[in-house]
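# Structural overview for review
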Amino acid sequence: MKTNTLLLSAFLTLSSLVTVAQMPGGGGFGGGRPGGGGGTDGERRSRTADAALPADQPAQPKGNGKISGLLMDSTNNKPVEYATVALINQKTGKPVDGTTADDKGRFTISKIAPGDYSIQATFLGFQEKYVRNIKIEKGSDIQVGLLKLTADVRTLSEVDVTGQRNIIEEKVDRLVYNAEKDVTSKGGDAADVMRRVPMLSVDLDGNLSLRGSSNVRVLINNKPSTIVAGSVADALRQIPADMIKTVEVITSPSAKYDAEGSAGIINIVTKKNTLRGATLSVDGGLGNRGSMLGLSGNYRTGKMGFSLSGHGRAQYNIKGQFTNEQTRGSLLTMQQADTKNGGLQGRYQLGWDYDIDSKNVITAGVQYSARNQFNSQELFTRISGGSFATPVTSFRSVDVKDLSGTVDVNVDYTRTLKKPQQEFSILTQFSRNNRTNNYISDLLNDTRANIIGGDRNDNDSYNQESTVQLDYTSPIGKNQQIEFGGKSIFRQVLSNYQYLTLVNGNYVDNVQQPANSLDYNQNVMGSYLSYTYQSKSKFTLKAGGRYEYTMIDAKFRTEQPSSGINIPDYGNFVPSINLSKNLSGGKTIKLAYNRRLQRPGIQFLNPNVNAANPQNITVGNPYLSPELSDNIEASFSTYVKTLYVNLTMFTRQTNNSIQSIRTANDQGVITTTYANIGKEQSTGINLFGNATFFQKWQIGGGFDAFYVYLTNNGSSTLVDPSMKQSNSGVVFSGGMFTNLQLKNGWGVQGFGGMRGNQVTLQGTSGSFYMYSLGLKKDFANKKGSIGFAAENFLANSMKVRTMVNTPTFSQNSTNEMYNRGVRMTFSYKIGKMTFEQPNRRKKKSVSNDDVKGDGGGDQQAAPAAAPAGGGGGRPRQ
């Protein structure tokens, strides 16, 4: 029955799309691309044709003439996005029409009456560009070609001052952090970049959250990956900071996005090249805690382009300490550990694209990511009180091996139809992550010289996704747009786990814990409809809805007697609405509502019992169901000369929330698992901005403050009524950065950020801070550079404290990390690229954003390092 339903849904989706693709259409979409908060990455966004007119300008006679062109930055041959283009009457010298360039720098002004005109292109940080003496006659179609905008250069006391692009930008539907402008993160990984992005918080283990919620979906170049679905922290470690161009934060996704990611979507855009010619780039870095080396090459000729890159990182000399104290009545457990971490990560990718003709394009890519992580700990445990007449001590040597490999393959096809901005696309992707996560916990004698016992856990797993997606976009008249499509995701998850114990020097099967396997298959069918309307008064409405139906077939392979896991199929409708209004003086207001859902990922489902630290055990729950969130946000942003400010207020309520549940037995052993027993409410503000002084010095920053309330008191699923709890509090986080360009290619950057205590259902997760300072020198006409950076250099170590309080036990733990670091980086580019004015369209790709990750590490990543830190439903490393 499930298979028939699946095939019928796919057939109906395909049939409806093909039918609509053949429908006759109306006029264009205002010559540009519609705006609106909450839009998608592939949609068109531009203002109406009178965007550049003064408010009191009378309506001008219309004709059938047209002027088109392309705006580029003269220094790097990159498109100048969303620049203002005004059409000026040469006789009066006044603007009579205008538009805004799209994200490729292209612009078109149509319906121009006969006459003599000039074109004026303007954008912050660039000199005005004029094209004069353009004569329009009836039916004229003028191509002004490539217009290069020159950076605004002035001389003040013989000092050259040059405009520079802001590190933080707000576009129509997202906030963009320009990571390629950040010197201090060079030589690091994606987690170092994320810490600098407004609204995001990344703790010292790599756990990612947006406005306090770890329910964030992370995409890479608008594509999902099974490594991200398994562990966001692992994915961030595998992406070198040098590969990242921008980070996009989408807090109110439209209906086109999958319903998953209750807090929002993070899209990491890596560097790529679409110019003609060939280049080879090398990047490297060396530091006291890590080193990296990367090579990337690009080649484009005619209609075809290739890209090949590989980056590897090594981590070493990462030491730390851990202390833990937990009580249950009169029973006291104390633990201490010295930890050491290291590993190798790599990411390799091959891309290909081909413009079949002016209306058809095909793209394909293969990516492979690898991570080999090793953790060793010397763990001391002392238990006293309770039923123990005398204190009991033990020493353990724990070694964790965490190996992961992920392959992603995509093939995408896009066809442009008759009307401007009318497109049909077929997107496909296959992704698979294989993981080996084992530990050996040897029990030592009092002198720590001999092994007297031990335990071992082998956990091999894979997470596989196959996706087919169809999308159709078409304008309706001049100021409306409709989008709809369908998507099918087929997931297979398998987790094999085995427990062994040391007997006479050999590890043999533990008869008390027989081996087993979780076989978890999930199929998701989705369809969406989205409508956009833009008025002449610069008011934009974008509304839509998405319906997803989920089918789950899960079982334990070796359970006796064999039985399946009974999880009913379920359907969800998730609406979204986004309103925006552009006011005079560069001000914008936005209001948005959306519903999101969060399906549990493998790190929550995995039934493997992780007991490397016998006093702190973690086990997943394969019976989890999704959680639902309702989000409302309102924002105001403005430009005041070179100052940009954005203020956002938001509220979010999550029902059926996945929360961690911790219980302690009579021996003081704490077991952490997960259940749909919570309700979470968050209300707060986010304020950030940046300013440019003298066109060479940027200062920016911001902070988040929100009140959070968590409770499971209304849950009927709790077995132990004494565990019913609630908790609340205010959470703060913030950061600042500065960027100064000096003479002769020198630049200085600084960054500092902090996160306050996080409120969790059963306690708090500790605060921390980070800071860095970097220096960079460009040489050889910017073909090469060398940089130096230092982070957390004022203290030898950093401590993070976590507290858990329940009616039956309490726990206090401290992680101390030695994270003072220095590194030197270098880069050099070989080859020459020339610009070829393209007619190419934005490439589309699959983006699966429907699985709840932990925002960070997998529950098995470092089992003996620390007990669960009271996180609100997020596994701890």
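A brief report on the enclosed structure follows. (Residues numbered from 1 in each chain as written. Predicted model: local features only at pLDDT ≥ 70, side-chain atom pairs only at ≥ 80, totals over all residues. Heavy atoms only, no water.)

### Overview of the sheet that holds strand β2 (residues 84-89)
Going by this rule: DSSP-based pairing: two strands are paired if at least 2 bridges between them are found. Working definition: helices are DSSP H or I runs of at least four residues, strands are E runs of at least two. Numbering for both runs from the N terminus. In this analysis an axis means a line fitted to C-alpha atoms, helices contributing only their contacting stretch, and an angle means the value between N-to-C directions, from 0 to 180 degrees.
Here we have four strands laid out as an open sheet, ordered β3-β2-β5-β6, and antiparallel in their pairing. Strand pairing shows two members of the sheet lacking a second neighbour, β3 (95-100) and β6 (129-136), which therefore form its edges. Strand-to-strand twist in this sheet, taken as the mean axis angle between neighbours without regard to direction, amounts to 20°. Where β2 lies against β3, five bridges are found, and the strand directions are antiparallel. Note that in β3 the partner of A86 across the bridge is G98.

### A short note on the side chain of Q469
Our working definition: Exposure is judged per residue with a 1.4 Å probe applied to protein chains only, and the accessible area is read against the type maximum: over 50% gives exposed, under 20% gives buried, and values in between give partly exposed. Counting of polar contacts relies on pairs of N or O atoms within 3.5 Å, with two restrictions inside protein: one atom must be capable of donating a hydrogen and the other of accepting it, and residues adjacent in sequence are counted only when both atoms are side-chain atoms.
Inspection of the secondary structure puts Q469 in strand β24 (residues 451-476). Owing to a relative accessible area of 6%, Q469 belongs among the buried residues under this scheme. In terms of polar contacts, Q469 uses its side chain to reach the side chain of D471, at 2.7 Å.

### Focus on the sheet that holds strand β1 (residues 62-73)
With respect to topology, three strands assemble into an open sheet ordered β4-β1-β7, the strand pairing being mixed. Each edge of the open sheet is held by one strand with a lone partner, namely β4 (106-112) and β7 (141-149). Direction aside, the axes of adjacent strands within the sheet are offset by 20° on average. The pairing of β1 with β4 spans six bridges and is classified as antiparallel. Counted as the bridge partner of K62 is I112 from β4.

### With respect to the pairing of strand β16 (residues 264-270)
Counting buried residues in β16 gives seven out of seven residues, a clear majority hidden from the surface. What you see with β16 is no split at all: G264, I266, I268 and T270 on one side and I265, N267 and V269 on the other are buried throughout. Bridge count for strand β14 (residues 216-220) against β16 is five bridges, and the pairing is parallel. Bridge assignment links V216 to a residue of β16, and that residue is G264. The pairing of strand β15 (residues 244-250) with β16 spans six bridges and is classified as antiparallel. Paired with I244 across the bridge in β16 is T270.

In short, shape yes, function no, at least from these values alone.
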